Amino acid sequence: MSDFPIDFRESAKAEELIDKLASTPRLFVISDYDGTLAHHSTDIYGVEVNHDSIDALGAFAQLPDTFAAALSGRHLDGLKQVFPLRDPVMLGGSHGAETEGEETPFDEDMQRFLERVGGELEAIAADYEGVFVESKPFHRGLHVKALAERNPQQAEEALERGRAVDPGEYFLTEGKNIVEFSATTATKGKWIDAERQAVDATAVVFLGDDVTDEQGFDVLNQPTDLGVKVGAGATAAYLRVADIDEVATFLQALLTARQNFLAARQ
Ligand SMILES: [Mg+2]
């Protein structure tokens, strides 16, 4: 039996993990957005964000030898509509396929794939009230959250039909109440690997709530790095927080510890 994940409420152990992170030479704090910094909502642009978490991320990015990023399944433009921070806070969108300030390659094969899959998913969505297809630059996703709240069995049926759509040589991923097709091999894990090298981080903390965030936890070298899983469910992360309010408590505690470490170092 693994001793991990540690529950954030086991405060002595959680404090130890936070102090260790805070005292690394170059710290990189990366957070998922939906379900981690903000509540999930059926209105994807009307989500309620936790301001203490946003304040902490903004503050990390202002500290020396400390870096901060939001890394979301949303496309970059969509993320920017709901996430208020900008440079020096880094932004990754479309599960890491997009990086703020960088060009993203896109070819005709990808375009054709997205058109075909988008059409098939639209045909499924048309059969259910409250089911819709989200189009992102590299993804087409079938969303069933509104239907799942009313009729879980029908929502499962819609997801099942979505899973049956052929991804060809591309990819299908599943999240909470969504089946998503992707025309890119980008993952949150690859984004974290690339960007941690870019900032030359000596420790990375990544926070996320969904199954796609496990690809992020998988590339971490815990316990020097730290994965923080939000909510229930199997995870490779070494720390678990209960909800987005505890994310804020964690980030504020890490910020204070980091500020103290940097002040003592001078
Ligand atoms: Mg999430």
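The structure presented is a predicted model; accordingly, all values stated were derived computationally and were not measured. (Residues numbered from 1 in each chain as written. Predicted model: local features only at pLDDT ≥ 70, side-chain atom pairs only at ≥ 80, totals over all residues. Heavy atoms only, no water.)

Visitor: Provide a residue-level description of the domain arrangement of the protein chain, including the pertinent values.
Guide: By domain assignment, the protein chain separates into domain 1 (6-97 + 186-265) and domain 2 (108-182). Just the C-alpha atoms count here: the centres of domain 1 and domain 2 sit 28 Å apart. At the junction of the two partners, domain 1 supplies 12 residues and domain 2 supplies 12 residues. At the boundary of domain 1 with domain 2, total buried surface from both sides reaches about 1000 Å², with 61% on carbon and sulfur atoms. The largest contributions to the domain 1 side of the interface with domain 2 come from Thr-42, Ile-44 and His-75, which together make up 35% of the buried area. Linking Asp-209 and Lys-176 is a salt bridge whose minimum nitrogen-to-oxygen distance equals 3.2 Å. One can count 3 residue pairs in polar contact (both at pLDDT 80 or more) joining domain 1 with domain 2. (Domains from an automatic or database assignment. Contact = heavy atoms within 4.5 Å. Buried area = accessible area lost by both parts, 1.4 Å probe. Salt bridge = Lys/Arg side-chain N within 4 Å of Asp/Glu carboxyl O. Polar contact = N/O pair within 3.5 Å; in protein donor to acceptor, adjacent residues only side chain to side chain.)

Visitor: Any chance you could break down the coordination of the magnesium ion for me, citing the residues and the numbers?
Guide: Each protein donor to the magnesium ion is listed here as Asp-32 (OD), Asp-34 (O) and Asp-209 (OD); together their distances run 2.1 Å. As a motif over one chain, the donors of the magnesium ion read D-x1-D-x174-D. One exposure class covers both Asp-32 and Asp-34, and it is buried. (Donors = N, O, S within 2.8 Å, 3.2 Å for Na, K, Ca; no water. Buried < 20%, exposed > 50% of the residue type's maximum accessible area, 1.4 Å probe, protein only.)

Visitor: Help me get a handle on a negative patch on the surface, residues and values and all.
Guide: Taken together, the side chains of Glu-48, Asp-52, Asp-55, Asp-243 and Asp-245 make up a negatively charged region of the molecular surface. Within the secondary structure, Asp-55 sits in helix H2 (residues 51-62). (Patch = residues over 30% accessible without salt bridge, like charges linked within 9 Å, V, L, I, M, F, W, Y side chains within 5 Å. Areas by Shrake-Rupley, 256 points an atom, 1.4 Å probe, with all protein chains shown as cover. Lys, Arg positive; Asp, Glu negative; His and termini not counted. Charge placed at Lys NZ, Arg CZ, Asp CG, Glu CD. Helix = DSSP H or I, 4+ residues; strand = E, 2+ residues; numbered from the N terminus.)

Visitor: Let's hear about the side chain of Glu-134: which residues, and what values?
Guide: Mapped onto the elements, Glu-134 comes out in strand E6 (residues 132-136). As a buried residue without a salt bridge, Glu-134 has its nearest oppositely charged side chain in Lys-136, at a separation of 4.5 Å. There is a polar contact of 2.7 Å between the side chain of Glu-134 and the side chain of His-143. The contact partners of Glu-134, leaving out residues within four places of it in the chain, are Ile-44, His-139, Arg-140, Gly-141 and His-143.

Visitor: Residue-level account of the pairing of strand E10 (residues 203-208), with values.
Guide: A large share of E10 lies buried, amounting to 6 of its 6 residues. Taking every second residue as pointing to the same face, both faces of E10 are buried, with Ala-203, Val-205 and Leu-207 on one and Val-204, Phe-206 and Gly-208 on the other. Two strands pair when backbone bridges link them, and strand E2 (residues 27-31) and E10 are joined in this way by 5 bridges, in the parallel orientation. Residue pairing in the sheet places Val-29 in a bridge with Val-205 of E10. By the bridge criterion, 4 bridges tie E10 to strand E11 (residues 226-230) in an arrangement that is parallel. In the sheet register, Leu-207 faces E11, and the bridge partner there is Val-228. (Pairing = 2+ DSSP bridges.)

Visitor: Can you break down the environment of Ile-18 residue by residue, with the values?
Guide: As for its placement among the helices and strands, Ile-18 is situated in helix H1 (residues 11-22). Along the backbone, Ile-18 and Leu-255 are 237 residues apart, and their C-alpha atoms lie at a distance of 9.4 Å. Among all residues touching Ile-18, those that are not within four sequence positions of it are Phe-8, Phe-250, Ala-253, Leu-254 and Ala-257.

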